[in-house]
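# Chains, contacts and geometry: an overview
The primary structure of each chain is shown beneath.
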Amino acid sequence: MAIWFYKVLMFFLYIVARVIGLFYPSVGFGERLGFYPRQELAKLSEGSRIWMHAASAGEVNAISPLCAELRKVRPGVQIIITTTSNTGKNLVREKGSADAVFLAPLDMGPCVRRAFKAFHPSVYLVTETEFWPNVLLLAARLKIPTLLLNGRVSDRSFSSYLKLKNLFAPVLNTFCHCFVQSVVDQEKLLALGVDPGKVSVAGQLKYDLSPPDGMEVQKFKETLSLLRKDILFTMGSLRTGEDDLLLPLIPELLKLSQDIKILLAPRHLKNVQLVQEKLAKIGVASTLRSRMKSENVPERVIILDTMGELAQSYAFSRAAFVGGTLVPIGGHNLMEPALATVPVCFGPYISNVPEAAEVLVRSGGGFQVRNPSELLQCFEKFLDEEFAKQAGRKAHASVLSMRGATEKTVQGVLNWWPAAL
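It should be emphasised that the depicted structure is a prediction, and the values quoted were computed from it without experimental measurement. (Residues numbered from 1 in each chain as written. Predicted model: local features only at pLDDT ≥ 70, side-chain atom pairs only at ≥ 80, totals over all residues. Heavy atoms only, no water.)

## Side note on helix α9 (residues 165-172)
- Within α9, the full set of buried residues consists of L167, F168, A169, V171 and L172.
- In this structure, the buried residues of α9 make contact with α1 (2-23), α7 (133-141), α8 (155-163) and α10 (183-191). (Buried < 20%, exposed > 50% of the residue type's maximum accessible area, 1.4 Å probe, protein only. Helix = DSSP H or I, 4+ residues; strand = E, 2+ residues; numbered from the N terminus. Contact = heavy atoms within 4.5 Å.)

Right, here's the structure in full:
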């Protein structure tokens, strides 16, 4: 009954979406409805195809090494990636992770059917938390094998799924297997009614990222006009509301040393202008990273308004703060700065990354703070360059101890469907 009600509701919303689309057309909306450009589809040849869905830029970054490994072991397989945003779509193209990339269909019957007809996938791979009922149910009906990769269930989502267990239990059991990030995620899926034989822990794909290219890092550093004596603190993946907590800290942080520079990276580029305006209101001059491509500007606070360069910033930072942790979001990739041998600071909200936080703190490479004032004290410690270097080495060791998810996941895919691939 729950599935029937969901399908009826989504079909009604589909009619509404078609009407809205007629009067307010937008870029990419046709793809969300399942109408994919024929010229792009024509680039795909016959044969085995993997349809992999990665919602956002973070998931795209996580699956890139996985895509590269799949190409190595099955060079004839074509990879189609769908995302839910144009930002993610553009990032797939930049990384060259797929043979074709499109926006994902809305989870509405007609849209989903058109997508499967257009892609003809041999296998459907879903990343993290993309549990879309119509997509998964149709894949099962078409007998297309499905896998959950890098799966996780946040605390907030878990409570919602429990309330809708009658819907999600049969939907989640359409997965042939679920490779999840942690034991906690495994327990949550089991509590939602997933067959225990269908769930195993593979680890976190994001920990298998490679550090950015050294030459690219050096070029980026030169673009920011950083001197040898400069001390860069990077605050990455800042979420709405978190900036209000951190920005008042900036004047105090700058007072610690004349050599300090700060790079702020909002999680969503739409917030860049708002962050700059908030800084101006408290008397802090700032510049956008995009301006620094062509101009040498004196401001000590830089706002990252470009995609794909946060890892490069981490690479020459004295220390880093990772966002989504001072507000109840659950945290973003703590291991990205650690991969660059940089000490990692983060707040109390770490439900998305509990294992990484624990390993970092235990090693001495991670520093959990309760509030912005504690972050100020933490950054002050890193003015001691030797202390920062030692903490960075410990953080890097933490990354190495948690790697290997990509290899396990690739092997899992091959074990389940060697014939399909």
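## Regarding the pairing of strand β1 (residues 49-53)
- Within β1, 5 of the 5 residues are buried, which leaves it mostly tucked inside the rest of the structure.
- Because side chains alternate across β1, one face comprises the buried residues R49, W51 and H53, and the other comprises I50 and M52, equally buried.
- Here β1 pairs with strand β2 (residues 78-83) via 5 bridges, running parallel. Note on β2: the bridge partner recorded for I50 is I79.
- This β-α-β element, β1 to helix α4 (residues 57-73) to β2, shows right-handed connectivity. (Pairing = 2+ DSSP bridges. Right-handed = clockwise from strand over helix to strand, strands pointing away.)

## Points about the sheet that holds strand β12 (residues 319-322)
- On the basis of which strands lie adjacent, the open sheet formed by 7 strands has the order β10-β11-β9-β8-β12-β13-β14 and parallel pairing. Pairing within the sheet leaves two strands with one partner each, and these edge strands are β10 (287-288) and β14 (366-368).
- Here strand β9 (residues 260-266) pairs with strand β11 (residues 301-303) via 3 bridges, running parallel. Residue pairing in the sheet places L264 in a bridge with I303 of β11.

## Considering the environment of R228
- In this fold, R228 is placed in the loop between α11 (214-223) and β8 (231-238).
- Sequence separation of R228 and D259 is 31 residues, and the distance between their C-alpha atoms is 9.6 Å.

## Topic: the nonpolar core
- Core analysis: the biggest nonpolar cluster contains 44 residues, and F116, F119, F131, L172, F175 and L189 have the highest contact counts within it.
- No other element matches the 6 residues that helix α6 (residues 109-119) contributes to this core.
- Not counting the four nearest positions on each side in its chain, F116 is found in contact with W51, P121, V135, L138, A139, L142 and I144.
- Counting 34 residues, the second largest nonpolar core, distinct from the first, contains Y207, L304, L334 and M402. (Core = buried A, V, L, I, M, F, W, Y, C linked by side-chain atoms within 4.5 Å.)

## Here we look at α10
- Those residues of α10 that fall on the buried side of the exposure criterion are D185, K188 and L189. End-on, the buried residues of α10 take up no more than an arc of 95 degrees, which puts them together on one face.
- Looking at the buried residues of α10, the elements they touch are β5 (146-151), α8, α9, β6 (177-180) and β7 (199-201).
- Of the residues one or two after α10, G193 is the one with positive phi, at around 100 degrees. (Arc of directions from axis to C-beta.)

## Describing the pattern of salt bridges
- Inspection of the entire model under this criterion finds 18 salt bridges.
- A salt bridge links K229 to D259; its shortest N-O distance comes to 3.0 Å. Of the two residues, K229 sits in the loop between α11 and β8 while D259 sits in the loop between α13 (249-255) and β9, which places them 30 residues apart along the sequence.
- Note on D259: relative accessible area 24%, which makes it partly exposed. (Salt bridge = Lys/Arg side-chain N within 4 Å of Asp/Glu carboxyl O.)

## A short note on the pairing of β8
- For β8, the buried fraction is high: 8 of the 8 residues fall into the buried class.
- Examined bridge by bridge, β8 and β9 share 7 bridges and lie parallel to one another. Along β9, the bridge assignment pairs M235 with L264.
- Pairing between β8 and β12: 4 bridges, direction parallel. In the sheet register, G236 faces β12, and the bridge partner there is V322.

## Digging into the environment of T87
- Inspection of the secondary structure puts T87 in helix α5 (residues 86-95).
- In sequence terms T87 and D384 are 297 residues apart; their C-alpha atoms lie 38 Å from each other.

## Some words on the packing of α7 against α9
- Two elements in contact, α7 and α9, have axes separated by 9 Å at closest approach and are oriented at 40 degrees. Comparing their axes, α9 and α7 come out oblique. Pair α7 / α9 crosses with left-handed handedness. Of the residues in α9, those in contact with P133, L136 and L137 of α7 are L167, F168 and V171.
- Considering only residue class, the contact of α7 with α9 consists of 6 nonpolar, no polar and no charged. (Axes fitted to C-alpha atoms, helices over the stretch in contact; angles between N-to-C directions. Parallel < 35°, antiparallel > 145°, perpendicular 65-115°, else oblique. Left-handed = near helix turned anticlockwise from the far one by under 90°. Nonpolar A, V, L, I, M, F, W, Y, C, P; charged D, E, K, R; others polar.)

## A word on the packing of α4 against helix α20 (residues 405-416)
- One way to put it is that α4 packs onto α20 with a least axis distance of 10 Å and a crossing angle of 50 degrees. When the axes of α4 and α20 are compared, the pair comes out oblique. The interaxial crossing formed by α4 with α20 has right-handed handedness. Touching P65, L66, E69, L70 and V73 of α4 are T406, T409, V410, V413 and L414, all from α20.

## Considering the environment of K219
- Looking at the element boundaries, K219 is found in helix α11.
- Taking the relative accessible area as the measure of exposure, K219 reaches 45% and is therefore partly exposed.

## Things to note about unusual backbone geometry
- Notably, E128 is not glycine yet its phi reads approximately 60 degrees, a positive angle.
- Its place among the elements puts E128 in the loop between β4 (123-127) and α7.
- Taking the relative accessible area as the measure of exposure, E128 reaches 2% and is therefore buried.
- The backbone of S237 sits at a positive phi, close to 55 degrees, despite the residue not being glycine.

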